[in-house]
Amino acid sequence: VTLTNKNRNEVIVLDPKDGNNGKYKVRLRDDDEYELEVKNPKEYIFYSNTVSSKKTAKMDVKLHTLVVGAKIPLYNITFETAKWDLNNNSQRELDRIVKLLKDNPKARIEIGAHTDDKGSASYNLQLSQKRAKTVFNYLVSKKIPAQRFVAKGYGKERPVASNDTEEGRAANRRFDLTVLSL
């Protein structure tokens, strides 16, 4: 488990021997933002997310095995409004996917891009397709064969939260991977 303070570029590495049955207590600096990464053995899916000291009192992370049908949520792939260019946070997240795919050379995945409900259905569908294609192109540029991917934009078709609040809309603007075969 690694926590990286994004404001100060400080890294905290949590050793499994220091935890209590996989539970850790860590004190975070006020007002700083952290990137949490849990690296796993081959048969497990990695976990990463951004953590704010203001919003996080307790966080439960459940690790999942890499099996057909598994969904891998990607919390750190973000785009500016109406854009489909990758930023540095997105590239770090995608590099984790590259490692996962190199460790599992037979895995085939779907790249699913989703939007909130702001804008027309056709606009959001096109935007999500462009974003999925951008992720696809990045992974292919890292020497992962194109036939291992299906890039699919879902637009606003599959919300995971209400679009009535900014927090809900933010949750709906997401990426996930689905394991199609191993």
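Residues numbered from 1 in each chain as written. Predicted model: local features only at pLDDT ≥ 70, side-chain atom pairs only at ≥ 80, totals over all residues. Heavy atoms only, no water.

Describing the packing of aromatic side chains
And step 1. Using the criterion set out here, one finds two aromatic pairs in the structure.
And step 2. Ring centres 5.9 Å apart and planes at 80 degrees place the aromatic pair F136 and F149 in the edge-to-face group. Here F136, found in helix α2 (residues 121-141), pairs with F149, found in strand β7 (residues 149-155); they are 13 residues apart in sequence, far enough to count as distant.
And step 3. If you follow K152 out to its NZ or CZ, it ends over the ring of Y154, 5.1 Å from the centre. (Phe/Tyr/Trp six-rings, centres within 6.5 Å; stacked < 30°, edge-to-face > 60°. Helix = DSSP H or I, 4+ residues; strand = E, 2+ residues; numbered from the N terminus. Lys NZ or Arg CZ within 6 Å of the ring centre and 35° of its normal.)

With respect to unusual backbone geometry
Note: most residues except glycine have negative phi, and most peptide bonds are trans.
And step 1. Phi is positive for N9, which is not a glycine, with a value near 55 degrees.
And step 2. Structurally, N9 can be placed in the loop between β1 (2-5) and β2 (10-13).
And step 3. Residue class for N9 comes out exposed when judged on its relative accessible area of 63%.
And step 4. We note that K143 has phi near 75 degrees; this positive angle belongs to a residue other than glycine.
And step 5. On the accessibility criterion, K143 (70% relative accessible area) is exposed. (Buried < 20%, exposed > 50% of the residue type's maximum accessible area, 1.4 Å probe, protein only.)

Things to note about the nonpolar core
And step 1. Counting residues in each nonpolar core, the largest one holds 27 residues, and the members touching the most others are L74, I97, I111, L139, F149 and F175.
And step 2. When contributions to this core are tallied by element, the ones reaching two or more residues are β5 (71-74), α1 (88-103), β6 (108-114), α2 and β8 (175-181).
And step 3. Setting aside chain neighbours within four positions, we find F149 in contact with L101, R108, I109, I111, F136, L139, V140 and I144. (Core = buried A, V, L, I, M, F, W, Y, C linked by side-chain atoms within 4.5 Å. Contact = heavy atoms within 4.5 Å.)

Here's the deal with the side chain of N124
And step 1. Looking at where N124 falls in the secondary structure, it is placed in helix α2.
And step 2. The exposure class of N124 is buried, given its relative accessible area of 2%.
And step 3. From its side chain, N124 meets the backbone oxygen of G119 in a polar contact 3.5 Å long.
And step 4. If we skip the residues at most four places from it in the chain, N124 touches T115, D116, D117, K118, G119, G155 and K156. (Polar contact = N/O pair within 3.5 Å; in protein donor to acceptor, adjacent residues only side chain to side chain.)

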